[in-house]
Amino acid sequence: MSWQASSVLGILELDEGLQSSRPSPTAREGSLLNPGTFHRPLITEVVKGAFADIVIRGDASLEDECVAAARRLVKRGASVISADCGFFLRHQAALSAAVDVPVVTSSLLLIPGLLRQLAPRKKLAVLSVDARYCTVDLFGIENPMDRARVVVGGIEDGQYVQNALARPFVQTDIEQIEKEVAACIEQLRTRHPEIVMLLLECTGFPCVATAIRRRTRLPVYDITDLCRLTLATQPF
């Protein structure tokens, strides 16, 4: 397999009516779409019709548009492909088959490796934008005992989701995101005191990852960590 000579991150964007093919210079610090997050070139392509609610629920009809957008990114120079919604993971196989660069659509890809870091009786908590659709078939693990060690919480009833599903998209205050994510984690830890590690599924959550680490005193992983790891392996 031949990799691109330069390390450029290409991101599949949700269709929020902006039709932009450039990263936002005003994206929040630490976010996937902030050019300063990776200290590498960053390019984007909107996936036509990929509205947040459709991607979260899962829609096989988006696959062709995902592949077309990924191919445009590679043509523009992307050496790694990611996506700005963790539920693009449903198209991971098709994307990997369609382009000749590494594809890391979601932080959920980390689950098998993270579980192996933990003692057998400890648990990993996954924080999702919508727990109803963050199902075990997305985790890449077959062992029922391992599946039982992954607990999922979501903020589907909060202000963040209401804003994210609005058309046009409405940005949520970072304080509100932190409040909703922290409350979800607190509930999960009350029910599952065995939780010792957190994984943020939603690509809107990395902007509060540092705050969540401080609050919980637990390791927190998100999509930006997976992208950094993948980018670091690429030749310059």
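See the structure above.
Residues numbered from 1 in each chain as written. Predicted model: local features only at pLDDT ≥ 70, side-chain atom pairs only at ≥ 80, totals over all residues. Heavy atoms only, no water.

> Help me understand the overall build of the protein chain in this model?
For the protein chain, the count of helices and strands is nine helices and seven strands. The C-alpha atoms of the protein chain give 17 Å as radius of gyration, which agrees with the globular expectation for 236 residues (18 Å, within 12%). Dimensions of the protein chain along its principal axes, counting C-alpha atoms only, are 50 × 40 × 35 Å. Within the protein chain, the fraction of its 236 residues that count as buried is 51%. For the protein chain, contacts bridging at least 24 residues in sequence account for 72% of all contacts bridging at least 6. Per element, the accessible surface of the protein chain, about 11400 Å² overall, is 52% carbon and sulfur. Each charge sign in the protein chain was given a centre, from 26 positive and 27 negative side chains, and these centres are 5 Å apart. (Helix = DSSP H or I, 4+ residues; strand = E, 2+ residues; numbered from the N terminus. Rg over C-alpha atoms; globule rule 2.2 N^0.38 Å. Buried < 20%, exposed > 50% of the residue type's maximum accessible area, 1.4 Å probe, protein only. Contact = heavy atoms within 4.5 Å. Areas by Shrake-Rupley, 256 points an atom, 1.4 Å probe, with all protein chains shown as cover. Lys, Arg positive; Asp, Glu negative; His and termini not counted. Charge placed at Lys NZ, Arg CZ, Asp CG, Glu CD.)

> So what exactly am I meant to see when it comes to the sheet that holds strand S6 (residues 195-200) here?
Two modes of strand pairing occur in sheets, parallel and antiparallel, and in both the strands are linked by backbone hydrogen bonds. Spatially, S5-S4-S6-S7 is the arrangement adopted by the four strands of the open sheet, whose pairing is parallel. Each edge of the open sheet is held by one strand with a lone partner, namely strand S5 (150-154) and strand S7 (220-221). Note that strand S4 (residues 123-128) and S5 share five bridges and pair parallel. Opposite Ala125, over in S5, you have Val151 as the bridge partner. Helix H7 (residues 174-191) contacts S4, S5 and S6 of the sheet and is inclined by roughly 150 degrees relative to S4. (Pairing = 2+ DSSP bridges. Axes fitted to C-alpha atoms, helices over the stretch in contact; angles between N-to-C directions.)

> Would you explain the side chain of Asn34 in this entry?
If you trace the backbone, Asn34 turns up in the loop between strand S1 (9-13) and strand S2 (42-46). Within the structure, the side chain of Asn34 is placed 3.2 Å from the backbone oxygen of Arg28, a separation counted as a polar contact. (Polar contact = N/O pair within 3.5 Å; in protein donor to acceptor, adjacent residues only side chain to side chain.)

> Just to check I follow, could you spell out the pattern of salt bridges for this structure?
When charged atoms on two side chains of opposite charge get close, those side chains can pair. Using the criterion set out here, one finds 11 salt bridges in the structure. The partner of Glu45 in a salt bridge is Arg76, with the nearest N and O atoms 3.0 Å apart. With Glu45 in strand S2 and Arg76 in the loop between helix H2 (63-75) and strand S3 (80-83), this residue pair connects regions lying 31 residues apart in the sequence. Each member of the salt-bridge network shares a partner with another, and the members are Glu45, Arg72 and Arg76. (Salt bridge = Lys/Arg side-chain N within 4 Å of Asp/Glu carboxyl O.)

> Before we go on, may I ask you to explain the packing of H7 against helix H8 (residues 209-216) in this structure?
Each pair of packed helices can be described by the angle between their axes along with the distance between the axes. Remark: H7 packs on H8, axes separated minimally by 10 Å, with the N-to-C direction vectors making an angle of 40 degrees. Crossing hand, H7 versus H8: right-handed. Contact residues: H7 offers Glu178, Val181, Ala182, Ile185 and Arg189, while H8 offers Ala211, Ile212, Arg215 and Thr216. By residue class, the composition of the contact of H7 with H8 is five nonpolar, one polar and three charged. (Left-handed = near helix turned anticlockwise from the far one by under 90°. Nonpolar A, V, L, I, M, F, W, Y, C, P; charged D, E, K, R; others polar.)

> Teacher, can you tell me more about the nonpolar core here?
Considering soluble globular proteins, one finds that nonpolar side chains tend to be buried as a cluster. Ranked by internal contacts, the top residues of the largest apolar core, which has 80 residues, are Leu12, Phe88, Ile111, Leu127, Leu198 and Phe205. Those residues in contact with Phe205 that sit more than four places away from it in its chain are Leu127, Ser128, Val129, Ile155, Tyr160, Ile177, Val181 and Leu200. (Core = buried A, V, L, I, M, F, W, Y, C linked by side-chain atoms within 4.5 Å.)

> Please clarify how unusual backbone geometry should be interpreted in this entry.
In this structure, the amide linkage connecting Arg167 to the following residue, Pro168, adopts the cis form with an omega of 5 degrees. One can find Pro168 in the loop between helix H6 (159-164) and H7. In this structure, His39 is a non-glycine residue whose phi angle is positive, near 55 degrees. Structurally, His39 can be placed in the loop between S1 and S2. Its identity is not glycine, yet Arg217 carries a phi of approximately 60 degrees, on the positive side. Looking at where Arg217 falls in the secondary structure, it is placed in the loop between H8 and S7.

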